[in-house]
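Structural overview for review
One-letter residues, chain by chain:
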Amino acid sequence: MNRAIVRRITPSIRTWRSTLKTFCSDTSEKLHGSHGDKAVTDSTDNVPQYDVAIVGGGMVGMALACSLASMPLTKHLNVAIIDSNPALLARDSIKKEDAPDPRVSTVTPATISFFKGMGAWQYVQLHRHAFFDRMQVWDYTGLAYTRYSARDVGKAVLGCVVENKVLQRSLLSCMEDSDVKKKIYPSRLNSMTLHKSSLISGTDSISSKPSGSLAKLNLSNGDCLYAKLVVGADGSKSHVRNLAGISTTGWKYPQNAIICTVEHTEDSRCAWQRFLRTGPIALLPMGDNYSNIVWTMDPQQAADRRSMNETDFLKAVNDALDDGHGPHPQSERMGGGGILAWLRSDETSSASEPFEVPPRITKLASDRMVFPLSLMHANNYVSKRVVLIGDAAHTVHPLAGQGVNLGFGDANSLSKVIAEGVAVGSDIGEMTLLKRYESERKAANIAMMAILDGFQKAYSIDFGPLNVLRAAAFHGVNYISPLKKNIISYASGEQRLPIFT
Amino acid sequence: MASKLLLSQLRNITRPTHHRLINPNFIFPLKNQTLIHSRPYSDAPQPPPVGSKPPPTNADSAPTHKKISSSLNQAELAKFSAIAETWWDAEGPFKPLHVMNPTRLAFIRSTLCRHFGKDPYSAKPFEGLKFVDVGCGGGILSEPLARMGATVTGIDAVEKNINIARLHADLDPGTSSIEYLCTTAETLVEEQRKFDAVLALEVIEHVAEPAEFCKSLSALTVSGGANVISTINRSMRAYATAIVVAEYLLHWLPKGTHEWSSFLTPEELVLILQRASISVQEMAGFVYNPLTGKWSLSDDISVNFIAYGTKNIE
């Protein structure tokens, strides 16, 4: 490296700096202690210092960076993004003619307003994205169905389906257009050390250097950096979470999800979800007659369906969406729901809509990907100078499309907490400040996870009386409008809890 | 805002026509007995209370945690000296101060940004201004002020506190420029130092002569500068919450941290500040919500309150 060559030319006083450099690039931890004393003298001369180091440049990590860049109080913060994905540094844009990527997310209206607030939604609108304002949910028993409409709560859309790479690229473009100090490190995090500041023993040499209480990150390509706050946005197998020693609770679902993009006959602004015996299948419109399929089933079936040929797969999908596995539910037109007729006066418009069959799938437009599903929740979101957001803190079942929206909620909340901290001059890595973020998000995330897990368990049992109960629940939600409105608001991210609010 | 209404009422009270408040004998009828730790708040020389040592003849009559011969103040210093190491332990004896800190900083930021005409959305609004934190302790207030861009000098009479403050400030490059001095406000006045804003938070209730202390604070302020003082009200509610609950029931503070008779009422504070040429512009109270564990600013000044004043233009 050029720096090392320059250092060898200069006189021997600088040998301490070269010691520091080799110390940084050495990934073995046991040398840390022996070189500690020598490293103190030349502490921060060539090791860059950042205010925030975001480990993981995915959608949620970039959303945090973009949010910090868009607020006047945090614009001045030095941000480092550590992610080895080459797409982050690549400057090629996403072309419209590209086939749609199967990895998509449904963003809720709350997330859309978060993006609009940062100024990033205008970039998303340049690429393929599809709003939907209706949703139909039913199951294989054919006993009932529920239809949701954005008009029930007086809104225009229930959500928008966007490819993950579009979201990530839009956030990156938004950040690049603002003059914020950021640096992308195209590498992976190897290890992290947090110097403990001990004031009691005043002779502790480490605590008297200027960066004594910062977190030090060692990257896999040999780079080293200091940061006041390390944000773990590196996904469900978070390395930051492991290094910080934060334990998790959770379990694997006995299900895998197949994801692919398909083409169909006609376009609709409706999202479809049918609960089958083995798991739900969802059809999400992506625009241009494309839709995304998320089909959850047990691992053996998932492997089979992934390897079968296209025609067979399409037939299986059409069966799953149409009348394979069970009959269509009866449409409730004028006289249905006798017991609930007294609630008719306050009915939502979608309660009188008839059952519709989803569009027929004609073609497979992408590869089929399979992902294992699990529920995971970190026991703490924060630790000294470390905070977790997104999948690093929690993962959920995809049956309600909430996973990444919880992550965006985390990013929004954390950036607000950081802004409040900067406003009163606190150290942004301070535990008391980070705990405010944790208390705000933990409650919301746990509530959502519990509800989704409840749904997953309720639909995994095929038992007569339970089926009837579920059908009654479908009916109830369809016709009891306050409940339906609450559910829509909650799923749109605008309400804390679906009931008692 | 309601606090402005309150302040105009206070100003009415402090006009000289209301003799009953100015007569010190009315306020402290028992000042010559040692049963109550009474502190004269007028600046006329008072006879010493029976049984205590005579005060020294040099001019350090209103120090902050200062070692003067009165045995009571030695006790105050010793109290703080004993727990000096725990200043930065967010769960230790100074926990209430740590939890209340962001709330006080919010008030300070908002009033001082307005006073100096700075942009409230700037990350470092106090760039180029000189502040002094009197009775800085471990630097809990000085560090955030330095991060907001001010050039901060922190002073305290307890040497241990200054050492701890210096060590902790050196950990963050943003705060390592704070000047910490183990000295008193009077010494700084003698050195003729002047500051744009003088802050003395939670100090005046530990001081022997609050009137003299306020005069020193005023002498440290440039003409037209700002002063921020916070303390606890001498009310029954404050006795119940700040002493009984905080010290004896919840053990938030070590027993004996506060003496109820050393507290000042807002009227008294406004009066002595006015005599020191500082006009109080705004006052706010802090309330604690036990359910959420958070402090917030409010118009309720019956327990903790903070006052922002400006030095009269000479």
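Throughout, residues of each chain are indexed from 1 in the direction in which the sequence is written. Whichever chain is written first is A, and whichever ligand is written first is 1; the rest continue in order. Two thresholds apply to this predicted model, a pLDDT of at least 70 for residue-level local features and 80 or more for giving and counting side-chain atom pairs, whereas whole-chain, interface and lining totals are computed over all residues. The side-chain figures draw on all heavy atoms in the structure; neither hydrogens nor water molecules are used.

**Topic: the overall build of chain A**
Inclusion rule: For the purposes of this entry, the term helix denotes a DSSP run of H or I that reaches at least four residues, the term strand denotes a run of E that reaches at least two, and both are numbered from the N terminus. Contact criterion: two residues are considered in contact whenever any of their non-hydrogen atoms come within 4.5 Å of each other.
Each helix and strand in chain A was counted, giving 14 helices and 20 strands. Within chain A, residue pairs in contact and separated by at least 24 positions form 78% of the contacts whose partners lie at least 6 positions apart.

**Side note on the UniProt feature "binding site: Mg(2+)" (unreviewed entry) in chain B**
All names here are of chain B. Note the following rule: UniProt positions are given in the numbering used here, feature names are shortened, and annotations may be inferred rather than shown by experiment. What qualifies as a polar contact is a pair of N or O atoms within 3.5 Å, subject to a donor-acceptor requirement within protein and to the restriction that residues adjacent in sequence count only when both atoms come from side chains.
UniProt annotation of "binding site: Mg(2+)" (unreviewed entry) refers to Glu202, Glu205 and His206 when read in the numbering used here. Those residues in contact with Glu202 that lie beyond four places of it in its chain are Leu97, Met100, Arg104, Ser230, Thr231, Ile232 and Asn304. Within the structure, Glu202 has its side chain in polar contact with the side chain of Ser230 (distance 2.7 Å). Note that Glu205 resides in the loop between strand S4 (195-201) and helix H9 (210-220).

**Notes on the sheet that holds strand S7 (residues 159-163) of chain A**
Residue and element names in this part refer to chain A. Condition: Pairing between two strands requires that DSSP report at least two bridges joining them. For helices, the axis comes from a line fit to the C-alpha atoms of the stretch in contact; other axes are also lines fit to C-alpha atoms, and the angle between any two N-to-C directions lies between 0 and 180 degrees.
If you trace the three strands from one edge of the open sheet to the other, you get S3-S7-S4, paired in antiparallel fashion. Because the sheet does not close on itself, it has two edges, and the strands there are strand S3 (104-107) and strand S4 (129-132). Across the sheet, the mean angle from the axis of one strand to that of its neighbour is 20 degrees, orientation sign disregarded. Pairing geometry for S4 and S7, over four bridges, is antiparallel. Residue Phe132 lies in a different strand from S7, and its bridge partner there is Gly159. Along the sheet, helix H5 (residues 109-118) makes contact with S3, S4 and S7, crossing S3 at roughly 95 degrees. The strands that helix H7 (residues 164-177) touches are S3 and S7; relative to S7, the one it contacts most, it runs at about 85 degrees.

**With respect to the environment of His258 of chain B**
Residue and element names in this part refer to chain B. Our working definition: Exposure classes here rest on a 1.4 Å probe applied to the protein chains alone. A residue is buried below 20% of its type maximum, exposed above 50%, and partly exposed in between.
Looking at where His258 falls in the secondary structure, it is placed in the loop between helix H10 (236-249) and helix H11 (266-275). For His258, a relative accessible area of 12% puts it in the buried group. Among all residues touching His258, those that are not within four sequence positions of it are Glu205, His206, Ile232, Ile243, Glu247, Leu253 and Phe263.

**A look at the UniProt feature "binding site: S-adenosyl-L-methionine" (unreviewed entry) in chain B**
All names here are of chain B. Here the UniProt-annotated "binding site: S-adenosyl-L-methionine" (unreviewed entry) positions come out as Arg104, Gly135, Asp156 and Leu201. Checked against the element boundaries, Arg104 lands in helix H5 (residues 95-116). Filtering out sequence-adjacent residues up to four positions away, Arg104 remains in contact with Leu97, Ile140, Leu141, Leu201, Glu202, Phe286 and Ile306. As for its placement among the helices and strands, Leu201 is situated in strand S4. Given a relative accessible area of 7%, Leu201 falls into the buried group. With near-sequence residues (within four places) excluded, Leu201 lies in contact with Arg104, Ile108, Val134, Leu141, Val228, Ile229, Ser230 and Ile306.

**Side note on the nonpolar core**
Applied cut-off: Take the buried residues of types Ala, Val, Leu, Ile, Met, Phe, Trp, Tyr and Cys, join any two whose side-chain atoms come within 4.5 Å, and each joined set is a nonpolar core.
Grouped together as the largest cluster of nonpolar side chains are 76 residues, with contacts concentrated most on Phe115, Leu217, Leu225, Val230 and Val231 of chain A. Among the elements that line this core, the one with the most residues is helix H4 (residues 59-70) of chain A, at nine residues. The next biggest cluster of nonpolar side chains, apart from the first, holds 40 residues, and it includes Trp88, Ile108, Leu199 and Ala226 of chain B.

**So, the packing of aromatic side chains**
All names here are of chain A. What counts is decided by this rule: Pairing of aromatic side chains here covers Phe, Tyr and the six-membered ring of Trp, requires ring centres within 6.5 Å, and sorts the geometry by plane angle: under 30 degrees stacked, over 60 edge-to-face, intermediate tilted. In this scheme, the term charge over a ring applies when either NZ of a lysine or CZ of an arginine sits within 6 Å of the ring centre and within 35 degrees of the ring normal.
Overall, the coordinates contain 17 aromatic pairs over all chains when judged by the stated rule. Ring plane angle 45 degrees and centroid distance 6.2 Å describe the contact between Tyr381 and Tyr437, whose orientation is recorded as tilted. A residue pair is termed long-range when its members are at least 10 positions apart, and Tyr381 in the loop between strand S17 (369-378) and strand S18 (382-383) and Tyr437 in helix H12 (residues 431-458) qualify at 56 residues. The pair Tyr381 / Tyr437 is uniform in exposure class, with both members buried. Taking the ring centre of Phe313 as reference, the NZ or CZ of Arg368 above it sits at 4.7 Å. A cation over a ring is seen here: Lys442 above Tyr381, with NZ or CZ 6.0 Å from the ring centre.

**Describing the confidence of the model for chain A**
All names here are of chain A. Quick note on the threshold: The pLDDT value expresses, per residue, how confident the predictor is, ranging between 0 and 100.
On average, residues of chain A carry a pLDDT of 82, and 83% of them reach 70 or more. With pLDDT under 50 throughout, residues 13-44 is counted as low confidence; its partners more than four residues away or in other chains account for 41 contacts. Considering only residues more than four positions removed or in separate chains, one finds that residues 197-210, a stretch of pLDDT under 50, has 30 contacts.

**Examining the sheet that holds strand S2 (residues 151-156) of chain B**
All names here are of chain B. Strand order in the open sheet formed by eight strands is S3-S2-S1-S4-S5-S8-S6-S7, with mixed pairing between adjacent strands. Where the open sheet ends on each side, the last strands, each with one partner, are strand S3 (179-182) and strand S7 (294-298). Strand-to-strand twist of the sheet, defined as the mean angle between neighbouring strand axes without regard to direction, takes the value 20 degrees. The pairing of strand S1 (residues 130-134) with S2 spans five bridges and is parallel. Residue pairing across strands places Lys130 opposite Thr151, the latter belonging to S2. Along the sheet, helix H7 (residues 159-169) makes contact with S2 and S3, crossing S3 at roughly 165 degrees.

**Here's the deal with the pattern of salt bridges**
Worth spelling out the cut-off: We count a salt bridge whenever a side-chain nitrogen from Lys or Arg sits within 4 Å of a carboxyl oxygen from Asp or Glu.
Within the structure shown, the criterion is met by 23 salt bridges over all chains. We note a salt bridge from Arg441 of chain A to Asp410 of chain A, for which the minimum N-O separation is 2.7 Å. You can see Arg441 of chain A sitting in helix H12 and its partner Asp410 of chain A sitting in helix H11 (residues 403-423), a full 31 residues away along the chain. Here Arg441 of chain A matches Asp410 of chain A in class, with each residue buried. When the shortest N-O distance is used, the salt bridge between Asp300 of chain B and Arg237 of chain B registers 3.0 Å. Taken together, the positions of Asp300 of chain B in the loop between S7 and strand S8 (304-311) and Arg237 of chain B in helix H10 put the pair 63 residues apart, joining distant regions of the chain. Look at Asp300 of chain B and you get partly exposed, because its relative accessible area is 24%. Arg237 of chain B gets classed as partly exposed once you look at its relative accessible area, which sits at 44%. Each of Arg128, Glu163 and Asp288 of chain A takes part in salt bridges that share partners, so that together they form one network.

**Some remarks on the packing of H5 of chain A against H11 of chain A**
Residue and element names in this part refer to chain A. We count it as follows: Between 65 and 115 degrees an angle is taken as roughly perpendicular, under 35 as roughly parallel, over 145 as roughly antiparallel, and anywhere else as oblique. Each crossing gets its handedness from the near helix: less than a right angle anticlockwise from the far helix is left-handed, clockwise is right-handed. Ten residues, namely Ala, Val, Leu, Ile, Met, Phe, Trp, Tyr, Cys and Pro, are considered nonpolar, four, namely Asp, Glu, Lys and Arg, are considered charged, and the remaining ones, Gly among them, are considered polar.
For the pair H5 and H11, the least separation of the axes is 10 Å and the interaxial angle reads 40 degrees. Taken as axis vectors, H5 and H11 run oblique relative to one another. Considering the relative orientation of H5 and H11, their crossing is left-handed. Between H5 and H11, the residues in contact are Thr111, Phe114 and Phe115 and Asn405, Phe408, Ala411 and Asn412, respectively. Per-class residue counts for the contact of H5 with H11 are four nonpolar, three polar and no charged.

**A word on the environment of Ala156 of chain A**
In this structure, Ala156 of chain A sits in the loop between strand S6 (145-149) and S7. For the pair Ala156 of chain A and Lys457 of chain A, spaced 301 residues apart in sequence, the C-alpha separation works out to 32 Å.

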